[in-house]
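Summary of the model geometry
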Amino acid sequence: MLRFAPSPTGDMHIGNLRVAIFNYIVAKQLNEGLIIRIEDTDKARNIEGKDKEILEILALFSIDYKTVFYQSENIKYHQKMALQLMTQKKAFACFCSDDKLEELKEESIKKGIPFRYDNFCETLSDETVLNTNAPFTVRLKKPDHNIKFKDLLKGEFDYAPFDIDSFIILRQDKSPTYNYACSVDDMLMDISMVIRGEDHISNTPKQIHIRESLGYTKEIKYVHLPIILNAQTGKKMSKRDDASSVKWLIEQGFLPSAIANYLVLMGNKTPKEIFTLEEAISWFDIETISRSGAKFDIDKLRFINRKHIETLDEMRLSKILGFADESIGKLAKLYLEEASTIKEIKEKLDNIFSIKTTLEGFENESNKIKEVLQKAPYFEEYEDLKNYIVEQTQLKGKNLFKPLRYILTGVENGPNITDIYPFIKNYIGEITR
Ligand code: GLU
């Protein structure tokens, strides 16, 4: 079983979507299920509605899964297991206040050493604990041996007990911390492989230690994916980069199939450049993807988006654009030299279908042509329409072509009118209204 475990704390980041896509592909390759686990136990950071948004995005990308699971539903198990760890003296109640811990942190900073818990409460007797009337957290005792694991991408890791520390597993309100809930749920859900961002690497030994303390022996494989860098600045794609938000990319008119294609392609050697996720399932190898940060280049995504629009069925493209006519899909494709996104193509179509004024410098000519077009019969061929306009207006040269292009397309440049006409000939009345 694999899992994608987003926190409903903000707009979905492309790094997270990449994690979801890789989990989806690998689950299909291994013929295992995929669980979506909404990690909603940190109430202070949850944002209402973000869980639904995540699921909508997964649907948009055709990432299918076995079930959706809310982590908060498992809190009873997290608490029960914490009690078990306390009974076995593997965990202890910690009464240290936030202020005291803050003091200890400041001391470590002054000394230039990493902060570690001073283990004060670990030695309290049961009697003292029972008689202490103060809020407490639950801390898991640090391991007595090194925790080692192999990341399928990055190789071997080895953490000393000091690196792991005696860390909090239940907060004062008895809600589970991230590492604890995550590790217990991976165990309860029988997860066989965890694919997630490399920012979680230092959490992994803690999560392994939690399961070992609970007596769970099944090994979980780990793959930590490199972070996504902004190709322009070379820095991590932060929330401040618009393009880091999947929602923003969709609103800009990037097709989910193109975004998915790019997120798999980025920094990797793939047998081809343009592909679907279904195709990627047959050749993708998670163990050979690039280990260094993947550079996100929006111009490359624009190129891939054009290629995906090019291969879209014309009726489908037309529907995405708000029409239900194959001709509009064909018309849209004519604009792929100058437009790369659905939003940009829509702007081109809006120009065509908007009510036009007159072209500057050609006011009389524009009016004349518009009037003639409004009354013109239907012409199958552009040549015949043009001859008809010449006959009716006596205009020629640029006095004819410039305003005619403007009346038909709303702009002065663009694809050849002869190429456009076959796809707009049924709409002349609407275009010239
Ligand atoms: N909720 C964590 C996140 O969104 C999940 C990390 C994990 O996959 O374990 O980063």
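The protein chain goes by Glutamate--tRNA ligase in an unreviewed UniProt entry, where it is assigned to Arcobacter porcinus. Quoted verbatim from the Sequence similarities (unreviewed entry) heading of the UniProt record, the comment on the protein chain is "Belongs to the class-I aminoacyl-tRNA synthetase family. Glutamate--tRNA ligase type 1 subfamily."

Before going further, it helps to examine helix 15 (residues 342–353). With twelve residues, helix 15 ought to run about 16 Å at 1.5 Å a step, and its terminal C-alpha atoms sit 16 Å apart, in line with that. Of all the residues in helix 15, the buried ones are Ile 342, Ile 345, Leu 349, Ile 352 and Phe 353. On an axial view of helix 15, the arc spanned by its buried residues comes to 85°, and they lie on one face. Among the structural elements, helix 12 (298–311), helix 13 (314–320), helix 14 (326–334), helix 18 (398–409), helix 19 (417–424) and helix 20 (428–431) are those in contact with the buried residues of helix 15.

The next subject is the UniProt feature "domain: Aminoacyl-tRNA synthetase class I anticodon-binding" (unreviewed entry) in the protein chain. UniProt records the feature "domain: Aminoacyl-tRNA synthetase class I anticodon-binding" (unreviewed entry) at residues 324–421, using the numbering of this structure. Secondary structure across residues 324–421 comprises 64% helix and 0% strand; the distance between its end C-alpha atoms is 18 Å.

Bringing the environment of His 78 into the picture now. One can find His 78 in helix 3 (residues 75–87). When the C-alpha atoms of His 78 and Ala 332 are compared, they prove to be 54 Å apart, with 254 residues separating the residues in sequence. In this structure His 78 touches Gln 71, Pro 176, Tyr 180, Ala 181, Val 184 and Asp 185, once residues within four positions along its chain are discounted.

This next bit is on the packing of helix 14 against helix 15. Contact geometry for helix 14 and helix 15: axes closest at 10 Å, N-to-C directions at 115°. The orientation of helix 14 relative to helix 15 falls into the category roughly perpendicular. As helix 14 packs across helix 15, the resulting crossing turns out to be right-handed. Seen from helix 14, the contacting residues are Ile 328, Leu 331 and Ala 332; seen from helix 15, they are Ile 345, Leu 349, Ile 352 and Phe 353. Of the residues belonging to the contact of helix 14 with helix 15, the class tally is seven nonpolar, no polar and no charged.

The sheet built from three strands is open, its strands ordered 4-5-8 with antiparallel pairing. Taken across any chain shown, the strands that pair with only one partner, and hence form the sheet edges, are strand 4 (91–94) and strand 8 (167–170). Within the sheet, the average angular offset between the axes of one strand and its neighbour, ignoring direction, is 45°. Bridge count between strand 5 (residues 137–140) and strand 8: three bridges; the pairing is antiparallel. In the strand pairing of strand 8, Leu 140 is matched with Phe 167.

Before going further, it helps to examine the nonpolar core. Judged by nonpolar contacts, the single largest core of 94 residues is most densely connected at Leu 17, Ile 21 and Phe 296. With residues near it in sequence (within four places) discarded, Ile 21 still touches Ile 63, Ala 260, Leu 263, Val 264 and Leu 277. By size, the runner-up hydrophobic cluster in this structure holds 29 residues, among which are Met 1, Phe 69, Ala 82 and Tyr 222.

The rules behind the values
Residues numbered from 1 in each chain as written. Predicted model: local features only at pLDDT ≥ 70, side-chain atom pairs only at ≥ 80, totals over all residues. Heavy atoms only, no water. UniProt positions renumbered as here; feature names shortened; annotations may be inferred. Helix = DSSP H or I, 4+ residues; strand = E, 2+ residues; numbered from the N terminus. Expected span 1.5 Å × (residues − 1). Buried < 20%, exposed > 50% of the residue type's maximum accessible area, 1.4 Å probe, protein only. Arc of directions from axis to C-beta. Contact = heavy atoms within 4.5 Å. Axes fitted to C-alpha atoms, helices over the stretch in contact; angles between N-to-C directions. Parallel < 35°, antiparallel > 145°, perpendicular 65-115°, else oblique. Left-handed = near helix turned anticlockwise from the far one by under 90°. Nonpolar A, V, L, I, M, F, W, Y, C, P; charged D, E, K, R; others polar. Pairing = 2+ DSSP bridges. Core = buried A, V, L, I, M, F, W, Y, C linked by side-chain atoms within 4.5 Å.

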